[in-house]
Amino acid sequence: MSMPRLEDLEAFIAIADKGSLTAAARHLGRSLPSVSRSLAALENDLGVELIARTTRRSVATEAGLVFYRRVGAALSEIEAAKREALNRHSEPSGLLRITSSTGLGPLHIVPAVSAFLELHPKVDVELDLSDGYVDLIDRGFDLAIRTGELPDSSLKAKRVANFRRVVFAAPSYLARRGRPETPDDLATHECIVRTAAQEGDAWSFLVDGRPTVVKVAGRFRASGSPATIEAAVEGLGIANAPLWQVLSLVDRGAIELVLEAFEPPRLPMHAVWPATRLLPAKTQLFIEFFAARMKKERF
């Protein structure tokens, strides 16, 4: 059995999809005799009838349906590979619409976009920052950069980083109240709760190799991470945030990390895009550019 020609496979898929040889020929921009010859060649090569023909319709046989499921997926991959190869040789252009969180955007997305635009002068970028769920397809976004575990969905994703979640306080607070030695010590400390966060007042740790959740409380609560981080800098208590949000504060000594031995496993950061779309050059290149840039960051 010889290797089927790509045009014969495309003809079979079109016939199964469109329900007739005439409709398939119209869809492919080929003549009816050409499509008929492709189907006959494929069936002769395989030694099995793939399409049952009637005067009104052409329907896949049981063997044809099995073949269709395999070949359809393979042709989709071939088309995606062709588009990706074309993208790599074409200059990216047009508007790239990105969405991300209010914390991540200014710190990492904007600097990456600035460097990317310098390399690709025909690309424009629109960045939307929101801490709520954003439907990429309904809102017309090309790409999202999201932190944390992803829910099951039809979206495609590429992991671009793994980041630490840390606990910290100002030196003035630690001098006044002492350093917690274990997560259980937080019960006797002022803890700053971010009310809008999923973890809220239940902070995750790793104790003796086991995931442990500790309930915390304090006199100051706020909905946004900028407010809770600033409260920690002001000495109001102990706070919890991704390291990438507070790294500059750690470096200049405005806050100190505590309970580092009990940090939970690192969380992922993903680039996410609709699975229904073949990625244009601008999107594919930005994902690769951003992923390479994040490998150089301290997380």
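Above this text sits the structure in question.
Keep in mind that what you see is a predicted model, and the values were worked out from it rather than measured. (Residues numbered from 1 in each chain as written. Predicted model: local features only at pLDDT ≥ 70, side-chain atom pairs only at ≥ 80, totals over all residues. Heavy atoms only, no water.)

J.: Honestly, the packing of helix 1 (residues 6-18) against helix 2 (residues 21-28) in this entry has me stumped. Any pointers?
T.: Two packed helices can be described by the angle between their axes and the distance between those axes. Closest axis-to-axis distance for the helix 1/helix 2 pair is 8 Å, and the angle between their directions is 120°. Here helix 1 lies oblique to helix 2, going by the angle between them. For helix 1 against helix 2, the interelement crossing comes out right-handed. Along the contact surface, helix 1 presents Glu10, Ala11, Ala14, Ile15 and Lys18, while helix 2 presents Leu21, Ala23, Ala24, His27 and Leu28. For the contact of helix 1 with helix 2, a count of residues per class yields seven nonpolar, one polar and two charged. (Axes fitted to C-alpha atoms, helices over the stretch in contact; angles between N-to-C directions. Helix = DSSP H or I, 4+ residues; strand = E, 2+ residues; numbered from the N terminus. Parallel < 35°, antiparallel > 145°, perpendicular 65-115°, else oblique. Left-handed = near helix turned anticlockwise from the far one by under 90°. Contact = heavy atoms within 4.5 Å. Nonpolar A, V, L, I, M, F, W, Y, C, P; charged D, E, K, R; others polar.)

J.: Please explain the packing of aromatic side chains as it appears in this structure.
T.: Working definition: an aromatic ring pair is given by the centre-to-centre distance plus the angle between the planes. This model, assessed by the stated rule, comprises six aromatic pairs. Their ring planes at 50° and their centres at 5.5 Å tell us that phenylalanine 12 and phenylalanine 67 sit as a pair that is tilted. Placement of the pair is phenylalanine 12 in helix 1 and phenylalanine 67 in helix 4 (residues 62-89), with a sequence separation of 55 residues. Here the two residues phenylalanine 12 and phenylalanine 67 agree in accessibility, since each one is buried. Their ring planes at 80° and their centres at 6.4 Å tell us that phenylalanine 163 and tryptophan 244 sit as a pair that is edge-to-face. Pair noted here: phenylalanine 163 is in strand 6 (residues 155-163) and tryptophan 244 is in helix 9 (residues 243-251), with a separation of 81 residues, a long-range link. The class for phenylalanine 163 is buried, based on a relative accessible area of 3%. The residue whose ring lies beneath arginine 97 is phenylalanine 141, and the NZ or CZ to ring-centre distance is 4.2 Å. (Phe/Tyr/Trp six-rings, centres within 6.5 Å; stacked < 30°, edge-to-face > 60°. Buried < 20%, exposed > 50% of the residue type's maximum accessible area, 1.4 Å probe, protein only. Lys NZ or Arg CZ within 6 Å of the ring centre and 35° of its normal.)

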